[in-house]
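# Summary of the model geometry
The chain contents come next:
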Amino acid sequence: MTADGHTWHQYWSLTKPRVVALIVFTAVVGMFLAVPALPAWPKLIWGTLGIGLAAASAAAINHLLDRRIDALMARTRHRPLPTGQLNERNVLWFALVLGTLAMTVLAFRVNILTAVLTFLSLFGYAIVYTAYLKRATPQNIVIGGAAGASPPVLGWAAVTGEVHYNALLLFLIIFVWTPPHFWALAIYRRHDYANAEIPMLPVTHGVQFTRWQILFYTVLLIIFTLMPFLTGLAGLFYLGGVTVLNIAFLFYAIGLLRTNDERLAMRMFTFSVIYLMMLFAFLLIDHYLPWPHPLQSIKLFPAGGFNS
């Protein structure tokens with residue numbers, strides 16, 4: 001590989017492409033759920049681009065602010081900044097360019113509301129969470145999870161110009177999913193976090209307490225993931241799919257309480273990513289199925305309530 005090719009690979013890694021892909025996917029699903037048919041293609045394309053660029057910018061800022069602790073952790077010590085493959089100034093400019101492009105695209109090609117909400121999400125994750133909450137409290141991932149839960153709201157706002165209660169419901173699902181998702185990883189990597197002096201819950205309160213918290217949030221997650229069906233946002237196809245996902249998630253959460261095998265925590269972390277992707281995929285597929293919603297017949301909701 002050429003030196004230039006290697007350098008661009010390092011910049012690409014700064015954007016955390018797998019994380020950004022999940023963010024963009026949930027935002028795009030939010031765009032499709034926001035309208036009965038198909039979203040306007042210009043809004044879909046420019047909204048996806050702007051949200052993706054903003055997420056990549058936030059990831060690069062995260063690399064920059066976490067460079068010291070990344071060097072102390074086995075999972076992150078091979079990142080471009082700890083290894084010296086990129087310098088801080090270039091990473092800062094890279095993040096600023098991405099962020100500026102994102103805001104420009106969203107403000108001029110989508111709408112101001114989406115640009116403002118996306119900026120607040122970027123600021124919340126890159127500055128409030130990474131620079132402060134992560135180092136300040138064991139509830140860091142709970143409070144900071146709001147920024148990571150915003151993509152469906154951003155997608156919804158991109159195509160409608162408003163924040164709908166169904167978009168906020170999708171926000172709540174990701175918000176409640178985040179603690180068990182991340183705490184499973186934190187259990188597996190708790191020695192890394194302790195070494196870096198990051199007050200993750202398994203470090204400050206112990207593994208067993210964290211396992212109970214994971215179970216608590218898993219139960220909350222199950223409750224919230226039933227709400228799209230109850231509000232009419234999704235139908236039986238989604239309900240069946242998410243029920244299977246929830247049984248598997250609960251199996252992992254209970255399993256963590258019954259074993260000291262830390263590999264199970266890592267398996268739960270991996271499954272949680274698949275869980276969220278599949279949940280939003282079920283929502284998207286269900287949205288276009290021609291089946292009537294079973295609650296329509298009892299008129300539980302106002303007319304039009306079953307259409308986004």
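Quick notes on the rules
Residues numbered from 1 in each chain as written. Predicted model: local features only at pLDDT ≥ 70, side-chain atom pairs only at ≥ 80, totals over all residues. Heavy atoms only, no water. Helix = DSSP H or I, 4+ residues; strand = E, 2+ residues; numbered from the N terminus. Rg over C-alpha atoms; globule rule 2.2 N^0.38 Å. Buried < 20%, exposed > 50% of the residue type's maximum accessible area, 1.4 Å probe, protein only. Contact = heavy atoms within 4.5 Å. Core = buried A, V, L, I, M, F, W, Y, C linked by side-chain atoms within 4.5 Å. Axes fitted to C-alpha atoms, helices over the stretch in contact; angles between N-to-C directions. Parallel < 35°, antiparallel > 145°, perpendicular 65-115°, else oblique. Left-handed = near helix turned anticlockwise from the far one by under 90°. Nonpolar A, V, L, I, M, F, W, Y, C, P; charged D, E, K, R; others polar. Salt bridge = Lys/Arg side-chain N within 4 Å of Asp/Glu carboxyl O.

### Section: the overall build of the protein
- The helix and strand tally for the protein stands at 14 helices and 0 strands.
- Secondary structure elements in the protein, listed N-terminal to C-terminal, are α-α-α-α-α-α-α-α-α-α-α-α-α-α.
- In summary, the protein has a C-alpha radius of gyration of 20 Å against a globular reference of 19 Å for 308 residues, a match within 12%.
- Counting only C-alpha atoms and orienting by the principal axes, one finds that the protein spans roughly 60 × 50 × 35 Å.
- Burial status across the protein gives 52% buried among its 308 residues.
- A separation threshold of at least 6 residues defines the contact pool for the protein, and within that pool the share at least 24 residues apart is 74%.

### Thoughts on the nonpolar core
- If you look at the biggest cluster of nonpolar residues, it comprises 90 residues, and the most contacted ones within it are Tyr-275, Leu-279 and Leu-283.
- Looking at which element gives the most residues to this core, the answer is helix α9 (residues 165-188), with 13 residues.

### Here we look at the packing of helix α6 (residues 112-136) against helix α7 (residues 140-148)
- At a minimum axis separation of 8 Å, α6 and α7 run at an interaxial angle of 165 degrees. Between α6 and α7, the interaxial angle falls into the category roughly antiparallel. Our pair here, α6 against α7, has a crossing hand that is left-handed. Every residue of α7 that contacts α6 at Ser-121, Gly-124, Tyr-125, Tyr-129, Leu-133 and Lys-134 is listed here: Asn-140, Ile-141, Ile-143, Gly-144 and Ala-147.
- Here the residues of the contact of α6 with α7 are counted per class, giving 6 nonpolar, 4 polar and 1 charged.

### Some remarks on helix α8 (residues 151-160)
- The element α8 is extensively covered by neighbouring structure, given that 9 of its 10 residues are classed as buried.
- A positive phi of about 75 degrees marks Gly-161, the residue just after α8.

### Side note on the environment of Val-159
- Along the chain, the position of Val-159 falls in helix α8.
- Residue Val-159 is classed as buried on the basis of its relative accessible area, which comes to 18%.
- For the pair formed by Val-159 and Thr-218, sequence separation is 59 residues and the distance between their alpha carbons is 31 Å.
- If sequence neighbours within four positions are ignored, Val-159 has contacts with Met-31, Ala-34, Pro-39 and Lys-43.

### As for the environment of Ile-254
- Within the fold, Ile-254 resides in helix α13 (residues 236-258).
- Ile-254 sits in the partly exposed class, given a relative accessible area of 36%.
- Taking C-alpha positions, Ile-254 is 8.5 Å from Arg-211, a pair spaced 43 residues apart along the chain.

### Topic: the pattern of salt bridges
- The final tally for this structure, using the stated rule, is 6 salt bridges.
- In this structure, the salt-bridge partner of Asp-66 is Arg-135, at a minimum N-O distance of 2.8 Å. Separated by 69 residues along the polypeptide, Asp-66 in the loop between α3 (41-65) and α4 (67-70) and Arg-135 in helix α6 bring together distant segments of the chain.
- By relative accessible area, which is 1% here, Asp-66 ends up buried.
- Look at Arg-135 and you get partly exposed, because its relative accessible area is 29%.
- Linking Arg-263 and Asp-261 is a salt bridge whose minimum nitrogen-to-oxygen distance equals 3.1 Å.
- Looking at Arg-263, the relative accessible area reads 56%, which means it is exposed.

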